[in-house]
Amino acid sequence: MLNFTVTENYDAMSALAAWRVAKALERKPELVMTLPTGGTPIGMLQEMSRMAQQKKVDFSQAYSFNIDEYIPLKKEDPQSYYWFLDHYFYQHANLPVENRFVPDVLADDLLTECARYEQAIVDHGDFDLTVLGIGHDGHIGFNEPHATHSPVCHIIDLNEETIEANARFFTHREEVPRQAITLGMGTILKSKEIVLIANGLSKAQVMKQLFDCKRVDPLFPASFLLLHPDVTIICDQEAASLIPSLR
Ligand code: F6R
């Protein structure tokens, strides 16, 4: 049974998620975390940045891994997910540059790069905290619905629905990358603690599906979270609006 917390609005969702990061950091200053990108986490990242600037939290010993990255965008590309975390979080917090990790999607051999990224996570003792968003098709990280799932870091072809949803960040739909490197389901599930955030009416259907799901279904990737003992889903009232018992 997944644990849902419903907040009044987006700002409250963001503040609560940032507070969870702060608490995890308080427990372990050398926190190893993985963070999502996209529309949902912007408020959370801004709140984490605010807390860092006000010296309420200290990221100086923490490690941060991008959960995924588009192939083949450079780190400096404003559409890349590294740029995104840099823009909304790293630039404003004291997390050392050498503690920020992202798959090198320009590597000659991407399979070797996936293995290297996975090993870097293992070398840091796996994640203490994973923060996830969720796609309309139930993807977490970029683990799209598939009959089978890779447990570790891998290359994924993005679904048309995901490309469509992400087109809002690009000038033309054709510019949206069709592939990404993503963490695998096993690595996500090895994390000691998982927090998933969702907001807005566009996520109401997928939140209802997640609330109702009783067994793991590879065609609904977020259902893998049922296998984890410490998952908190934080969503705003709009995202929870199709779940009568949470209203
Ligand atoms: C992105 C990621 C994805 C997003 C998901 C939701 O790093 O891991 O799983 O979290 O596509 O995206 P938004 O927040 O834009 O709705």
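The preceding data block contains the structure.
Residues numbered from 1 in each chain as written. Predicted model: local features only at pLDDT ≥ 70, side-chain atom pairs only at ≥ 80, totals over all residues. Heavy atoms only, no water.

1. Description of the overall build of the protein chain
Thought 1: A count of helical and extended segments in the protein chain gives seven helices and ten strands.
Thought 2: For the protein chain, the C-alpha radius of gyration of 17 Å lies close to 18 Å, the compact-globule estimate for 247 residues.
Thought 3: When its C-alpha atoms are laid out on the principal axes, the protein chain stretches across 50 × 40 × 35 Å.
Thought 4: Expressed as a percentage of the 247 residues in the protein chain, the buried residues total 55%.
Thought 5: Residue pairs at least 24 apart in sequence account for 77% of intrachain contacts in the protein chain once pairs closer than 6 positions are excluded. (Helix = DSSP H or I, 4+ residues; strand = E, 2+ residues; numbered from the N terminus. Rg over C-alpha atoms; globule rule 2.2 N^0.38 Å. Buried < 20%, exposed > 50% of the residue type's maximum accessible area, 1.4 Å probe, protein only. Contact = heavy atoms within 4.5 Å.)

2. Structural notes on the sheet that holds strand 6 (residues 129–132)
Thought 1: Sheet architecture is open: seven strands sit in the order 1-10-9-6-2-3-5, paired in parallel fashion. Each of the sheet's edge strands pairs with one partner strand only, and the pair in question is strand 1 (3–7) and strand 5 (100–101). (Pairing = 2+ DSSP bridges.)

3. Points about the sheet that holds strand 7 (residues 154–157)
Thought 1: With antiparallel pairing, the three strands of this open sheet are ordered in space as 4-8-7. Whereas interior strands pair on both sides, the edge strands pair on one side only; in this sheet they are strand 4 (68–71) and strand 7. Strand after strand, the sheet turns through a mean of 30° between neighbouring axes, direction not considered.
Thought 2: Here four bridges tie strand 7 to strand 8 (residues 179–182), and the two strands are oriented antiparallel to one another. The residue bridging Ile155 from the neighbouring strand is Ile181, located in strand 8.
Thought 3: Across the sheet, helix 4 (residues 110–123) lies against strand 4, strand 7 and strand 8, angled at about 120° from strand 7, the strand it touches most. (Axes fitted to C-alpha atoms, helices over the stretch in contact; angles between N-to-C directions.)

4. Notes on the pairing of strand 3 (residues 63–66)
Thought 1: Pairing geometry for strand 2 (residues 32–35) and strand 3, over four bridges, is parallel. Paired with Met33 across the bridge in strand 3 is Ser64.
Thought 2: The parallel pair strand 2 and strand 3 is bridged by helix 2 (residues 42–53), and the resulting crossover is right-handed.
Thought 3: As judged from the two bridges shared by strand 3 and strand 5, these two strands associate in the parallel manner. What sits directly across from Phe65, in strand 5, is Phe101. (Right-handed = clockwise from strand over helix to strand, strands pointing away.)

5. What to know about the nonpolar core
Generally speaking, a soluble globular protein has its nonpolar side chains buried in company with each other.
Thought 1: Membership of the largest hydrophobic core comes to 40 residues, with the highest contact counts inside it found for Phe4, Leu196, Met207 and Leu210.
Thought 2: Contributing elements (two or more residues each) for this core: helix 4, helix 6 (185–190), strand 9 (193–198), helix 7 (204–212) and strand 10 (231–236).
Thought 3: With five residues, helix 4 is the single largest residue contributor to this core.
Thought 4: Residues in contact with Leu196, not counting those within four places in the same chain, are Leu132, Gly133, Ile134, Ile140, Met207, Leu225, Thr232, Ile233 and Ile234. (Core = buried A, V, L, I, M, F, W, Y, C linked by side-chain atoms within 4.5 Å.)

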